[in-house]
Amino acid sequence: MSGYWDWSGEDWVFDYVEGRRKNSDKNIRVEFNIAEGGTVRFHDDRKFGFLHYVSPEILAEKLSKLGPEVLLSENTYEPAKYLLGAGELGQIVDRKKPIKEILMNQDYIAGIGNIYAAEALWMAKINPNRMGSDLSSKEVSSLFKACRDVVRRAVDRNLDYASLKIYRRKTCPTCEGIVSAEKIKARTTYWCTVCQH
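Not measured: the values here are computed from a predicted model.

K.L.:
I keep staring at the overall build of the protein and nothing clicks. Help me out?
P.N.:
When helices and strands are tallied, the protein shows 5 helices and 7 strands. Listing the helices and strands of the protein from first to last along the sequence gives β-β-β-β-β-α-α-α-α-α-β-β. Looking at the protein as a whole, 36% of its 197 residues are labelled buried. Contacts in the protein between residues at least 24 apart in sequence constitute 52% of all its contacts with a sequence separation of at least 6. In the structure as shown, the protein presents an accessible area of about 11,800 Å², 51% of it carried by carbon and sulfur atoms.

Right, dumping it as structure tokens:
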């Protein structure tokens, strides 16, 4: 959510979705002294994070309950499932639930949260309130490509607040239409009232 990890003694600034932030010694919730030297710290200003120590077997069991990954990277956990293509996404989204809710459900697809879902739906020109079962195969294919693009940009660190297209915007960068903000499953969702059908 808004937590982050850092090394003690290393100053840095990062672009978070709410704007630029500098690391500090405030709100450190956990510190690990590493045998090779240095201290890794977890900061959690909003107290949404948690830390559990579990065995490799329990970790594998917990992660096996997650839905498939949108894409693989060098940091993907070994037992992770891979979302092979738009066909699989079509099966996942074929539910009588709002598509935004489906995308954010980690049991269905791993790793897509509120911001990524809003960005992907805007790229695919899909209204977040539409039922997943109502999407055409062309829309599912477009959404699949958009999800992969958004996650790839995030993994490559090319997705920061300045580069977000719809999240927390007032007007759409494509048509300059009004951006609507509404709660879906207690999360604020942003979408263009003109472009997203």
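Once the structure has been displayed, the description carries forward.
K.L.:
Looking at this structure, I do not really get unusual backbone geometry. What am I missing?
P.N.:
Of all residues except glycine, most have a negative phi; of all peptide bonds, most are trans. Despite not being glycine, Lys-125 shows a phi value in the positive range, around 60 degrees. Looking at the secondary structure, you find Lys-125 in the loop between α4 (114–124) and α5 (137–155). Assessed through its relative accessible area of 41%, Lys-125 is described here as partly exposed. Unlike most non-glycine residues, Arg-168 shows phi in positive territory, near 60 degrees. By the secondary structure assignment, Arg-168 is in the loop between α5 and β6 (179–184).

K.L.:
Honestly, the pairing of strand β7 (residues 187–192) in this entry has me stumped. Any pointers?
P.N.:
The side chains of a regular strand alternate, residue by residue, between the two faces of the sheet. Pairing of β6 with β7, which is carried by 6 bridges, proceeds in the antiparallel orientation. If you follow Ala-181 over to β7, its bridge partner there is Tyr-190. Between β6 and β7, which pair antiparallel in sequence order, lie 2 residues; one of them, Lys-185, sits at a positive phi of approximately 55 degrees.

K.L.:
Looking at this structure, how should I read the sheet that holds strand β4 (residues 28–33)?
P.N.:
In a beta sheet, neighbouring strands are held together by backbone hydrogen bonds and run either parallel or antiparallel to one another. Taking strand neighbours across the sheet as the criterion, the 3 strands line up as β1-β5-β4 in an open arrangement whose pairing is antiparallel. The sheet is open, and its two borders are formed by β1 (4–7) and β4, each paired with just one other strand. Neighbour to neighbour, the strand axes of the sheet diverge by 20 degrees on average, direction disregarded. As judged from the 4 bridges shared by β1 and strand β5 (residues 39–43), these two strands associate in the antiparallel manner. Looking at β5, one finds that Trp-5 is bridged to Phe-42.

About the criteria used
Residues numbered from 1 in each chain as written. Predicted model: local features only at pLDDT ≥ 70, side-chain atom pairs only at ≥ 80, totals over all residues. Heavy atoms only, no water. Helix = DSSP H or I, 4+ residues; strand = E, 2+ residues; numbered from the N terminus. Buried < 20%, exposed > 50% of the residue type's maximum accessible area, 1.4 Å probe, protein only. Contact = heavy atoms within 4.5 Å. Areas by Shrake-Rupley, 256 points an atom, 1.4 Å probe, with all protein chains shown as cover. Pairing = 2+ DSSP bridges. Axes fitted to C-alpha atoms, helices over the stretch in contact; angles between N-to-C directions.

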